[in-house]
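Observations on the three-dimensional arrangement
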Amino acid sequence: MKKFHYIPMLCGLSLLLSSCLDEIELKNQRFETKAVIIQGRLILGAPSLVEVSVQRVGDIDGSETAIHIGSAKVTLEQADGTSIEVPEVNTAKLYRASIPTNQGTFKVQTGQTYRIKVSLLDGRQYESEFEPLLAVPELEKTNYTIQDLTLPDKKGFLTKATYLRFWVNSKLKAANNPDRSRLRWELNAVYRLSDNIPKVCYNYEPQRVDKVFIYEGPGLQLERLDTFYLADVRLDHRFAEGFYLTVLQESLSPTAFTYWDQVKTLAERSGSMFEEPAGKIVSNLRSKNPAEEVYGYFYATAQDTLRMYIRPEQVGMPTKYCPQPPQPRIGPTICDNCLLQTGSSLTKPNFWIE
């Protein structure tokens, strides 16, 4: 068995944001060569959305990584046996379906359970266990404080700098539910950057895959969360022309929480000799062939969303990235063309209101 780079979930700021295609090495997590990894999520909405990633371990330039498996048959099934097909989106290397609220007999709603089935061209078949779709408590507020902190920089050296420390206020009980919820948060950002032309770009930065933000409501006696710290974001040029943070809060079943808790533990391991060896991450997927192991997880969730716009004057008018001081360069930079930066677009997001 060999170790390889594994992205623990679909995608998902200094310590927070990077490209969602960034891969992390989950230390001591080992997989059979050519193992299949299936990851998916059903999100309640109007419309609802299901996305499934189907991959296998492959060798690229001598390094094992996860490779998209195309032409699979993927279906989403509810407890009464009604199902819909989830078509492949080649450009995204995903299987994705948008499910309107009037989708005939197939209903996406809280209190119901769902699973996925996957069939490959070579005849291999997989299915997940049924996962409940739980209501999500109200996400009431998100905000930040500005602090000077000593944290690792991009090279791992401890450096003192100014950060925005983001936090949330949230209920722990969903409407008409007496039980405290298990929660997970995703944080995504968009910031504006003008190049030398000047052309204005909006740069999207999704949450890094090695950052997992969760809370187990039933584990503590709190009735709500107030000023619950999530992440630190270094104060830099990204706040110089306007910055939008989106916080997504979602509900998790007990087993889905266990999955994310194990991903978090594995991703944050320091490699210290005093840490216990990591075990296999829990999976709710099974192969029709009992001798074959399959990795990954599928879950269903509801979400609540808050967005916050941060104006430059609110954070001390940081210095803009462009123009840069003259220095020897090879090829154009993002100050020559801001679209060279990954995740950039000339189109203003529809939620961008100043």
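Scroll up to find the structure this text is about.
Here's what I pulled together on the structure shown here. If you're wondering where the values come from, they're calculated on a predicted model, not measured in any experiment. (Residues numbered from 1 in each chain as written. Predicted model: local features only at pLDDT ≥ 70, side-chain atom pairs only at ≥ 80, totals over all residues. Heavy atoms only, no water.)

1. Structural notes on the pairing of strand β3 (residues 36-43)
Quick note on the threshold: Exposure is judged per residue with a 1.4 Å probe applied to protein chains only, and the accessible area is read against the type maximum: over 50% gives exposed, under 20% gives buried, and values in between give partly exposed. For the purposes of this entry, the term helix denotes a DSSP run of H or I that reaches at least four residues, the term strand denotes a run of E that reaches at least two, and both are numbered from the N terminus. At least two bridges found by DSSP between two strands are what make those strands a pair.
Within β3, eight of the eight residues are buried, leaving the element largely enclosed by the surrounding structure. Burial along β3 is two-sided: V36, I38, G40 and L42 and I37, Q39, R41 and I43, pointing in opposite directions, are all buried. Relative to strand β21 (residues 294-301), β3 runs parallel, the two being bridged by eight bridges. Of the residues in β21, the one forming a bridge with R41 is Y299.

2. Looking at the packing of aromatic side chains
The following threshold applies: Think of it this way: a Phe, Tyr or Trp ring, Trp meaning its six-membered ring, pairs with another when their centres are within 6.5 Å, and the plane angle makes it stacked under 30 degrees, edge-to-face over 60, tilted otherwise. The criterion for a charge sitting over a ring is simple: Lys NZ or Arg CZ within 6 Å of the ring centre, and within 35 degrees of the ring normal.
In this structure the tally under the stated criterion is 13 aromatic pairs. An angle of 75° between the planes, with centres 5.0 Å apart, marks the rings of Y202 and W352 as edge-to-face. Of the two residues, Y202 sits in strand β16 (residues 200-205) while W352 sits in the segment after β23 (344-345), which places them 150 residues apart along the sequence. The burial state of Y202 is the same as that of W352; both residues are buried. Members of the aromatic cluster, joined through ring pairs, are Y202, Y244, Y309, F351 and W352. Taking NZ or CZ as reference, R165 lies 4.3 Å from the ring centre of Y229, over its face. Taking the ring centre of W260 as reference, the NZ or CZ of R184 above it sits at 3.9 Å.

3. Thoughts on the pattern of salt bridges
Cut-off, in case you're wondering: Each reported salt bridge corresponds to a side-chain nitrogen of Lys or Arg within 4 Å of a carboxyl oxygen of Asp or Glu.
Applying the stated criterion across every chain, the model contains 24 salt bridges. D122 is the salt-bridge partner of R124, the closest N and O atoms lying 2.8 Å from each other. Assessed through its relative accessible area of 28%, R124 is described here as partly exposed. Close ionic contact of E140 with R224 constitutes a salt bridge, the shortest N to O distance being 2.4 Å. Within this pair, whereas E140 is found in strand β13 (residues 139-152), its partner R224 is found in strand β18 (residues 224-234), the two being separated by 84 residues in sequence. Assessed through its relative accessible area of 31%, E140 is described here as partly exposed. In this structure R224 comes out as partly exposed when scored by relative accessible area, which is 29%. Through salt bridges with shared partners, one network takes in E77, R115, K117, E127 and K288.

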